[in-house]
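# An overview of the molecular structure
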Amino acid sequence: MPRPPRSPRTPGPALARPRLLAGVVAVALALVALPTTGLLQLPGALGGDLREGAAAGTDPPALVPDPVVEAVPDAERPLLVLRAEGDDVVRAAELPGTVARTAVLVLHGYTSSAAQAAERLDAPALGRDLDAVVVLPTGLGERPSWAAGSCCGSAARSDVDDVGYLSRLLADLRARGAERAYVVGYSNGGMLAYRLACERPEVVDAIAVVNGTVAVPTCPGAFTALHLAGAEDDAVPVDGVDLVPFLFTGFPALADLPALAPAADLDVRVLPGVGHEVAPGVPATVRRWLAAGPTPPA
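Overview of the structure. Since the model is a prediction, treat every value here as computed from it, not as a measurement.

Counting secondary structure elements, the chain contains 10 helices and 10 strands. Considering the chain as a whole, with its 298 residues, one finds that 55% of them fall into the buried category. Pairs at least 24 apart in sequence give 74% of the contacts found in the chain among residues at least 6 apart. About 12600 Å² of surface is accessible on the chain, with carbon and sulfur atoms providing 55% of the total.

Here it is in structure tokens:
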């Protein structure tokens, strides 16, 4: 199936990036020029179940923004908790009374789940190698999403306070014994990791982002980040894009990130031949980077 066309990225200042499109007319104009062939690839490429669902014959995604959702109390938001006990990894649905000295939040992509993120990013190995408690929360919406700024889905459209939610979750982990806190995010989850570090850098020691980007207009926070980008990524392209139709937004070019986050210490690596998937070797690269004990910029 051929890739769907994307609106070309227009030159301009790094901060002049599209936000969520306002109004049905703008959305309709963006979509009317596009053939339906290939459109299903875009949301599936963003980390979730839509591609698999389309292949299985289930309903395709609608060509409209995801619906608005109501806020959910923190205690009602599900968690997948992994903690190492010797060579074993114990799974639970709530935090233990005391946690390891290292805590890692792992954030799934748009339309995905905590279980998928645990598998794709090898969260059990994170727990073992870092002797850490690994916590995987879930975004809101029928197609789970995070409010990372201009993306994605119901959470972004509803302006869900996911930064506040993660900040409180990290504070809870520190109260239970964590001394270091890292956030690992894929795609939309990586965008939220960036937003958290941009807006609340004091709550996290470092972040690792896989196929994500900065999706907020300004990023004043001082933080340390590993950024892994696929050279062939057609969902969050390294050259940037003005409009991804199913997401009703666009993304900055990778080269613009230092200007978007001027106080950040960014370790940016482009992976040749890799698209929007979590490529083999990526989870191990993230583990090695975190095992080195990254800290906020001095």
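Turning our attention to the pattern of salt bridges. Overall, the coordinates contain 12 salt bridges when judged by the stated rule. In this structure, Glu199 engages Arg195 in a salt bridge whose closest nitrogen and oxygen atoms are separated by 2.9 Å. Remark: Arg195 and Glu199 occur in helix 8 (residues 188-199); sequence separation between them is 4 residues, near one turn of the helix. For Glu199, a relative accessible area of 38% translates into the label partly exposed. Exposure remark for Arg195: the relative accessible area of 17% places this residue in the buried category. The closest approach of N and O atoms between Glu202 and Arg200, which form a salt bridge, is 2.5 Å. Glu202 gets classed as exposed once you look at its relative accessible area, which sits at 54%. Arg200 gets classed as partly exposed once you look at its relative accessible area, which sits at 31%. Members of the salt-bridge network, linked through shared partners, are Asp122, Asp129 and Arg287.

Bringing the sheet that holds strand 7 (residues 224-230) into the picture now. Spatial strand order, 2-1-4-3-5-6-7-10: 8 strands in an open sheet with mixed pairing. This sheet does not close on itself; its edge strands, each paired only once, are strand 2 (88-92) and strand 10 (265-271). Strand-to-strand, the axes of this sheet are offset by a mean angle of 15°, without reference to chain direction. Of the strands in this sheet, strand 1 (79-85), strand 2, strand 3 (102-107), strand 4 (132-137) and strand 5 (180-186) are in contact with helix 5 (residues 123-130), which crosses strand 4 at around 155°. Where helix 10 (residues 282-291) meets the sheet, its contacts fall on strand 5, strand 6 (206-210), strand 7 and strand 10, and the angle it forms with strand 7 comes to roughly 165°.

Following both chains from N to C, one finds helix 5 and helix 10 inclined at 25°, their axes separated by 10 Å at the closest point. For the element pair helix 5 / helix 10, the angle class is roughly parallel. Read as a crossing pair, helix 5 and helix 10 show a hand that is right-handed. On helix 10, the residues touching Ala125, Leu126, Asp129 and Leu130 of helix 5 are Arg287, Leu290 and Ala291. Its residues assigned to classes, the contact of helix 5 with helix 10 comprises 5 nonpolar, no polar and 2 charged.

This part is about the packing of aromatic side chains. Centre distance and the angle of the planes are the two values used to describe a pair of aromatic rings. Summed over all chains, the structure comprises 1 aromatic pair. Ring centres of Tyr194 and Phe223 lie 6.1 Å apart, and the angle between their planes is 65°; this geometry places the pair in the edge-to-face category. Residue Tyr194 is found in helix 8, and its partner Phe223 is found in the loop between strand 6 and strand 7; the two are separated by 29 residues along the sequence. Here the guanidinium or amino end of Arg77 rests over the ring plane of Tyr165, the centre of that ring lying 4.1 Å away.

Working definition: the covalent bond between the sulfur atoms of two cysteines is a disulfide. As enumerated under the stated definition, the model contains 2 disulfides in all. Across the disulfide, Cys198 is cross-linked to Cys219 (sulfur-sulfur distance 1.9 Å). Measuring handedness by torsion sign, the sulfur bridge of Cys198 and Cys219 sits at about -90° and is left-handed. Of the two residues, Cys198 is situated in helix 8 and Cys219 in the loop between strand 6 and strand 7; the sequence distance between them amounts to 21 residues. A relative accessible area of 2% means that Cys219 is categorised as buried. Each bonded cysteine in the chain gets a number by its place in the sequence, and the pairs come out as 1-2, 3-4.

What follows is about the environment of Gly250. Among the secondary structure elements, Gly250 is positioned in strand 9 (residues 249-251). Expressed as a C-alpha distance, the spacing of Gly250 and Gly240, which sit 10 residues apart in the sequence, is 7.5 Å.

Between Cys151 and the following residue, Cys152, the backbone shows a cis peptide bond with an omega angle of 15°. Tracing the backbone shows Cys152 in the loop between strand 4 and helix 6 (153-157). With a phi close to 50°, Asp131 is a non-glycine residue in the positive phi region. One can find Asp131 in the loop between helix 5 and strand 4. Owing to a relative accessible area of 53%, Asp131 belongs among the exposed residues under this scheme. One non-glycine residue, Ser187, lies in the positive phi region at around 55°. Structurally, Ser187 is set in the loop between strand 5 and helix 8. For Ser187, a relative accessible area of 0% gives the class buried.

Reading guide: rules and limits
Residues numbered from 1 in each chain as written. Predicted model: local features only at pLDDT ≥ 70, side-chain atom pairs only at ≥ 80, totals over all residues. Heavy atoms only, no water. Helix = DSSP H or I, 4+ residues; strand = E, 2+ residues; numbered from the N terminus. Buried < 20%, exposed > 50% of the residue type's maximum accessible area, 1.4 Å probe, protein only. Contact = heavy atoms within 4.5 Å. Areas by Shrake-Rupley, 256 points an atom, 1.4 Å probe, with all protein chains shown as cover. Salt bridge = Lys/Arg side-chain N within 4 Å of Asp/Glu carboxyl O. Pairing = 2+ DSSP bridges. Axes fitted to C-alpha atoms, helices over the stretch in contact; angles between N-to-C directions. Parallel < 35°, antiparallel > 145°, perpendicular 65-115°, else oblique. Left-handed = near helix turned anticlockwise from the far one by under 90°. Nonpolar A, V, L, I, M, F, W, Y, C, P; charged D, E, K, R; others polar. Phe/Tyr/Trp six-rings, centres within 6.5 Å; stacked < 30°, edge-to-face > 60°. Lys NZ or Arg CZ within 6 Å of the ring centre and 35° of its normal. Disulfide = S-S within 2.5 Å.

It is worth stressing that arrangement in space is one thing and function is another; only the former is reported here.
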